[in-house]
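Single-letter residue listing:
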Amino acid sequence: MSMGRSSRPYFEHDDRDTRTVEVDRRRKFNKRSFRQNRRYGDEGGSYNRRVDYDGDIEMVGVPKRSKDERFKPYQMGSNFKKHKDSRKKNRGKGGSSSSSYRRALPISDIQSSESSWFKIKIPFGQKMEKQYILRTLASSSDVPFVPFQFSYVGNAAVFYVNEVEQANGLKKLNGIITTPSGFKMSIYCQRCPPPVCTLSDETQEKIKVCMSNRYDVAQKLLNLSNFYSDSGLKTEGIYAPLSRFNIFSAVVRIIREHIPELEKLDLSGNKLNRLEPLSGLVSTCKELKTLLVGNNSLSTIVELNFLKGLELQEICLDGNPLCDKFKDQSSYISAVRERLPKIIRLDGKDLPPPITFDLDQTVELPKVHGSYFPSDDVKLLIVQFLEQYYVVYDSGDRQQLLEAYHDHAMFSLFVSKPSSREAGPDEYIHESRNLLRIRDPNFRNKLLKCGVIVVSALSELPASQHEPSSFTVDVGFVSPTLMNFTVSGVFRGVGKTKHKQQLWTFSRGFVVVPQGLGFSVVNDSLFISVASHSQVEAYKLTPVPSPISSPGPSTEKSVIEKKQMVEQFMRQTGMNESFSAKCLEENEWDYQKSALVFNELNMSSLIPSEAFQK
């Protein structure tokens, strides 16, 4: 029987490992999948990342799926069939499928714009000097070019150009120029965002020279319009756009240090999207009146907040996106004047003068007047009441005020405690009915004293000594049945009070109605606060005499006590020293009795004019 090749499968012995075969199959599948996914990936893949060459990278995520759709990580992209058909078509024309797909578009096919920047990279360029590289490229290229930001990165020489024609001209020199070492110079060209300008000392000096050339000394005008395309900076290979915050801040710093007398600044056409650095001019450029920031990228009127403090009279905003956000011209003008109230010229057009309330420094304010009384009769009535009232109030026995209040009278106390650590009227605070402090309505009503307890509440307040010469009276309303007036002044604590001799200010409002031959109080509201510095300086007096404990006569007065009583009586009555001492002496040095006698005689005009102080 011949031993020819048998068509039967071999089952007796097979030394191949089935696991090895399975692993090999997986490797082939994975390798093929990776290659296909890399070449024909869908829009959600990371291979086809799209770049915005104005400087921002577009973040493209995975396409959204419905809730019920199952995630298929190994599924081919939706464009797989299209790429496959394209590959077959190219193969039919004799072209290579891979090279046809991977071939990049030529630079000349890219539309030119101001934001078209290209990075020129020369491998191993570090072995050659900058002047040699640029001179050789300039002499060999058919298109003149301007190199920006030349530097060495690793072993390569790198610079930037911002025109398509210049990039095309340099790309054509790839592999043509022979270097001194005998190798051909490789030149790679890549689309890129605008370069970053590093502010070295040398760069800042060149920017300063450029600004100096743009400054008009006669008009005090600094013209920085289209600063990024300045020919002087281009010649130096510097790209310094004011739209970059560090460049803008450096320019403002130069203005602040070297030309604080600036009156007009032109920043138009610089793609500015914020004005924050200009706030640095507020403290130095006091003469700046005109600011031109038209044809920029300012999107909101809020940017003008950074100009507050500048005495601007003219501003140009035309050509910015913010101008299109107002429904009419009047709202646009109002929004500008809200932030710059002294603007009289906007976008090259005169505006009506602003309505301001600035006071001329030469105008004198009217003098402060004292008390106000509608008539002499009302004045006499109120003055007599206050003299009698505060003599009793400061006597130490306030129960005698019971006849001065109506049976249904009301009294409320309000205390203003200072926010600082300065001592306040703490002894009054527990009775304060301040509406901002007392939230509980029941407790608030409890602090409102009504009826016969009004005088009892007044008696519980700390002892005091009012300064009559500080009194100011304002009458708000007068009728035959009711009168309202307010008395203001200062007083100090006496006796055993916590803040003895501490000066306080007060304002007290009385509402009175006729009763018998006089009137009675139906409403009494007292406001107490810390005295101002001017009041403290004005009423730095010698210690006041101790309050009189009782209205009865006192025959045991010392010489010092009598002298203090005379001084106090002089301040209260306005009489001179001799007549004041005579009045007190004739009434046995009873202060309250002497005051009552004085009021009666004064009302009857029985006191001679020579008795009063001149």
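As the structure is a prediction and not an experimental result, all values here were calculated from the model. (Residues numbered from 1 in each chain as written. Predicted model: local features only at pLDDT ≥ 70, side-chain atom pairs only at ≥ 80, totals over all residues. Heavy atoms only, no water.)

Now for the overall build of the protein chain. The helix and strand tally for the protein chain stands at 17 helices and 18 strands. For the protein chain, buried positions account for 36% of its 614 residues. Sequence-distant contacts in the protein chain: of pairs separated by 6 or more residues, those separated by 24 or more amount to 64%. Total accessible area computed for the protein chain in this model is approximately 38600 Å², and 51% of it derives from carbon and sulfur atoms. (Helix = DSSP H or I, 4+ residues; strand = E, 2+ residues; numbered from the N terminus. Buried < 20%, exposed > 50% of the residue type's maximum accessible area, 1.4 Å probe, protein only. Contact = heavy atoms within 4.5 Å. Areas by Shrake-Rupley, 256 points an atom, 1.4 Å probe, with all protein chains shown as cover.)

Once that is clear, we can look at the side chain of Lys449. Within the secondary structure layout, Lys449 lies in strand S13 (residues 449-450). With residues up to four places along the chain from it excluded, the contact list for Lys449 reads Ala409, Met410, Phe411, Glu431, Val454 and Ala457.

Right, let's talk about unusual backbone geometry for a bit. Not every positive phi belongs to a glycine, and Asn226 is a case in point at roughly 50°. Looking at the secondary structure, you find Asn226 in the loop between strand S6 (221-223) and helix H7 (231-235). Even without glycine at this site, Lys271 takes up a positive phi of about 60°. According to the relative accessible area criterion, Lys271 is partly exposed, its value standing at 38%.

So, on to the packing of helix H15 (residues 559-573) against helix H17 (residues 591-603). It is the contact of H15 with H17, at a shortest axis distance of 12 Å, that shows an interaxial angle of 30°. Accordingly, the angle class assigned to the pair H15 and H17 is roughly parallel. Crossing handedness for the pair H15 and H17: right-handed. In this structure, H15 contributes Met565, Gln568, Phe569, Gln572 and Thr573 to the contact, and H17 contributes Tyr591, Ser594, Ala595 and Phe598. (Axes fitted to C-alpha atoms, helices over the stretch in contact; angles between N-to-C directions. Parallel < 35°, antiparallel > 145°, perpendicular 65-115°, else oblique. Left-handed = near helix turned anticlockwise from the far one by under 90°.)

All right, on to the nonpolar core then. Buried together is how nonpolar side chains tend to be arranged in soluble globular proteins. Ranked by internal contacts, the top residues of the largest apolar core, which has 49 residues, are Ile255, Leu265, Leu267, Leu278, Leu307 and Leu317. When contributions to this core are tallied by element, the ones reaching two or more residues are helix H6 (201-213), helix H8 (245-258) and helix H9 (329-339). Of all the elements, H8 adds the most residues to this core, at six residues. Ignoring any residue separated from it by four or fewer positions in sequence, one finds Leu265 in contact with Leu222, Leu224, Ile255, Leu278, Leu281, Leu288, Thr290, Leu291 and Leu292. Counting 37 residues, the second-largest nonpolar core is a separate cluster that includes Tyr390, Tyr405, Ala409 and Val521. (Core = buried A, V, L, I, M, F, W, Y, C linked by side-chain atoms within 4.5 Å.)

Take H9 next. Every buried residue belonging to H9 is among Tyr332, Ile333, Ala335, Val336, Arg337 and Arg339, and all of these are buried. Where H9 is buried, its residues contact strand S9 (314-316) and strand S10 (345-346).

So, about the pairing of strand S2 (residues 148-153). The sheet contact formed by S2 and strand S3 (residues 156-161) spans four bridges and is antiparallel. By the bridge assignment, Ser151 is partnered in S3 with Val158. Connecting S2 to the antiparallel partner S3 that follows it, the hairpin turn spans two residues, and Gly154 within it adopts a positive phi of roughly 65°. (Pairing = 2+ DSSP bridges.)

For the coordinates displayed, the defined rule picks out 10 salt bridges. When the shortest N-O distance is used, the salt bridge between Arg345 and Glu314 registers 3.4 Å. Of this pair, Arg345 sits in strand S10 while Glu314 sits in strand S9, and the two are 31 residues apart along the sequence. As a salt-bridge pair, Glu338 and Arg339 come within 3.7 Å of each other at their nearest N and O atoms. On the basis of relative accessible area, Glu338 is assigned to the exposed category, the value being 61%. If you follow the salt bridges from partner to partner, you end up with Glu202, Lys206 and Glu236 in one network. (Salt bridge = Lys/Arg side-chain N within 4 Å of Asp/Glu carboxyl O.)

The next thing to look at is the confidence of the model for the protein chain. Across the protein chain, pLDDT averages 76, with 73% of residues at or above 70. Counting contacts from residues 1-21, a segment whose pLDDT is below 50, to residues more than four positions away or on other chains yields zero contacts. In this model, residues 31-82 is a region of pLDDT below 50 whose contacts with residues beyond four sequence positions or in other chains number 35 contacts. (pLDDT = per-residue confidence, 0-100.)

Bringing the sheet that holds strand S1 (residues 117-122) into the picture now. Here four strands make up an open sheet; going across it, the order is S2-S3-S1-S4 and the pairing antiparallel. Two strands lie at the open edges of the sheet, namely S2 and strand S4 (188-192), each paired on one side alone. Strand-to-strand twist of the sheet, defined as the mean angle between neighbouring strand axes without regard to direction, takes the value 20°. Across the face of the sheet, helix H4 (residues 130-140) comes into contact with S1, S2 and S3 while running at roughly 125° to S2.

Another aspect to go through is the packing of aromatic side chains. Applying the stated rule across the entire model yields 23 aromatic pairs. Both rings, one in Phe145 and one in Phe159, keep their centres 6.0 Å apart while their planes meet at 20°; by these two values the pair is stacked. One end of the pair, Phe145, is in the loop between H4 and S2; the other, Phe159, is in strand S3, with 14 residues separating them in the sequence. Its relative accessible area of 13% is what places Phe145 among the buried residues. The class for Phe159 is buried, based on a relative accessible area of 0%. Here Phe385 and Tyr389 contribute two aromatic rings whose centre-to-centre distance is 5.6 Å and whose plane-to-plane angle is 35°, an arrangement assigned as tilted. On the criterion of helical spacing, the pair formed by Phe385 and Tyr389 is a turn pair, its members being four residues apart in helix H10 (residues 376-393). An aromatic cluster of three or more residues is present, and its members are Phe385, Tyr389, Tyr390, Tyr393, Tyr405, Phe471, Phe485, Phe491, Phe506, Phe510 and Phe519. Residue placement shows Arg398 over the ring face of Tyr393; its charged tip is 4.0 Å from the ring centre. (Phe/Tyr/Trp six-rings, centres within 6.5 Å; stacked < 30°, edge-to-face > 60°. Lys NZ or Arg CZ within 6 Å of the ring centre and 35° of its normal.)

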